[in-house]
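# A structural walkthrough
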Amino acid sequence: MGLGYIGLPTAIIAAKHGIEVVGVDINQSVVDKTNSGNLHIVEEGLEALLQEVVTSGSFKAYTCPQEADAYFMVVPTPFKGDHEPDISFVESATRMVLPLLKKGDLYVIESTSPVGTTEKMAELIFAERPELKGNIYIAYCPERVLPGNIIYELVNNDRVIGGIDEASTAKAKEFYAQFVKGQLHATNSRTAEMCKLTENASRDVQIAFANELSLICDKAGINVWELIQLANKHPRVNILQPGCGVGGHCIAVDPYFISSAYPAESRIISEARNINNYKAEWCAEKVRTAMLEFELKNHRAPAVAMMGLAFKPNIDDLRESPAKSIASRVLQSCNNGNVMVVEPNIKEHNVFKLTNYKTAYETADIVVYLVNHREFATLNYRSDVQVLDFCGVFKK
Ligand SMILES: NC(=O)c1ccc[n+]([C@@H]2O[C@H](COP(=O)([O-])OP(=O)(O)OC[C@H]3O[C@@H](n4cnc5c(N)ncnc54)[C@H](O)[C@@H]3O)[C@@H](O)[C@H]2O)c1
């Protein structure tokens, strides 16, 4: 259920390993594209595998679920306006498969979910189909692949598998063992749910530490890049790199699944989210100040190059991107002024007019590095203009 960034590759890899797979998505165009062998997501090497499994007949997509022996929920789990997790997609996908479930079936949630979601869905299933209680297997198995490296990681990463009981854990392990070479670690469903959230909250907290250091160092007149490099010479210290915030649909989202359920206890996790969000505001403010200072000195508005929009280097994904929000704030503050927006990984954008990165760099009075894309390292450092390097391209 769900043929997106995670569901589609999982379906393809399972089919490639000899499992007969029915892919279900409520989006008709995803289904049509998939059945015609065209990948609707970006993932190198995956389209050839899709064509192989579609041609061999081991994988077919539908808009409605078909009867199967195992069902996997791989649908979105966003957060609502108040940062409360929204599990309505998981619930609606579960309701869609409910009438098809039979004795001996396996039901697995892969979507990143708040603690207790698997038990909640088990209750929903048993409330509607009481005869299935004790007769089907229900488990949670989160995904931790890196987009861009999915084909390798889906097979080789270790996975955590937690059932609502031991029989469910064992059944789910048996399923994944058909195509996962990494170790399959057994636990219960609540621990498995929390494990996925913990992995991303851990990254968020560690990045927040680096971002906090960058704020302190800015005030103290210390080069944060040099500081971190030196501190990391300690054999047991490993500080991450600061940036202009934290983005993406995982690290910037999942910690809220913990903090909204356990607000009193999750003080570091909540504060890390605040620090990483604040870092983007701080960067936007720095750019605005630099622009005002330039204008006061030169009696004209500066040309500004905003370098990068993606949420991390060398990708085209702008979801929850701090660079995007900084670019928007700066553009709004100067009524779109002379601000050039650069993103070498995308050709066009419906909100931002994009400028070639070399042109923007060469003509700007103020250069703002938001994302450390590999293209930017090929540019020579311009000492004749002000460079605001928030992501350590030149580490100056
Ligand atoms: N993308 C990642 O890198 C990643 C990594 C780990 C975990 N996750 C988690 O995996 C889950 C899925 O993420 P994704 O990136 O694949 O999402 P996605 O948005 O790329 O894809 C989800 C798909 O589900 C479909 N869908 C929605 N409701 C449906 C329903 N009731 N029945 C069938 N299809 C339905 C949508 O049309 C969409 O195509 C999320 O919980 C996410 O947090 C994602």
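These lines cover the structure that appears in this document, whether it is placed above or below.

Definitions and limits used
- Residues numbered from 1 in each chain as written.
- Predicted model: local features only at pLDDT ≥ 70, side-chain atom pairs only at ≥ 80, totals over all residues.
- Heavy atoms only, no water.
- Axes fitted to C-alpha atoms, helices over the stretch in contact; angles between N-to-C directions.
- Helix = DSSP H or I, 4+ residues; strand = E, 2+ residues; numbered from the N terminus.
- Parallel < 35°, antiparallel > 145°, perpendicular 65-115°, else oblique.
- Left-handed = near helix turned anticlockwise from the far one by under 90°.
- Contact = heavy atoms within 4.5 Å.
- Near = heavy atom within 4 Å.
- Polar contact = N/O pair within 3.5 Å; in protein donor to acceptor, adjacent residues only side chain to side chain.
- Nonpolar A, V, L, I, M, F, W, Y, C, P; charged D, E, K, R; others polar.
- Phe/Tyr/Trp six-rings, centres within 6.5 Å; stacked < 30°, edge-to-face > 60°.
- Lys NZ or Arg CZ within 6 Å of the ring centre and 35° of its normal.

This brings us to the packing of helix α1 (residues 7-16) against helix α3 (residues 46-56). Packing of α1 against α3 brings their axes to within 9 Å, and their N-to-C directions diverge by 55°. In terms of orientation, α1 and α3 fall into the oblique class. Here α1 and α3 pass one another in a crossing that is left-handed. Mapping the contact onto sequence places Pro9, Ile12, Ile13, Ala15 and Lys16 in α1 and Leu46, Leu49, Leu50, Glu52 and Val53 in α3.

Around the ligand, a shell composed of 24 residues is seen, among which Tyr5, Ile6, Asp25, Thr77 and Thr112 lie nearest. Take Asp25: an N or O atom from its side chain is 2.6 Å from an oxygen atom of the ligand. Residue Val75 places a main-chain N or O atom 3.4 Å away from an oxygen atom belonging to the ligand. Element by element, the count of residues in the shell around the ligand is highest for helix α4 (residues 88-97), at 4 residues. When grouped by side-chain class, the residues that make up the shell around the ligand number 13 nonpolar, 8 polar and 3 charged.

In this section: the packing of aromatic side chains. Two numbers describe a pair of aromatic rings. These are the distance of the centres and the angle of the planes. Scanning all chains against the criterion turns up 12 aromatic pairs. With centroids separated by 4.7 Å and ring planes inclined at 40°, the aromatic side chains of Phe72 and Phe175 adopt a geometry described as tilted. Residue Phe72 is located in strand β3 (residues 70-73), and its partner Phe175 is located in helix α7 (residues 166-176); the two are separated by 103 residues in the primary sequence. Ring pairing ties together the aromatic residues Tyr357, Tyr361, Tyr369, Phe376, Tyr381 and Phe394, which thus form one cluster. Above the ring of Tyr62, the side-chain terminus of Lys60 is found at 5.3 Å from the ring centroid.

Shape is all these values report; function is a separate question.
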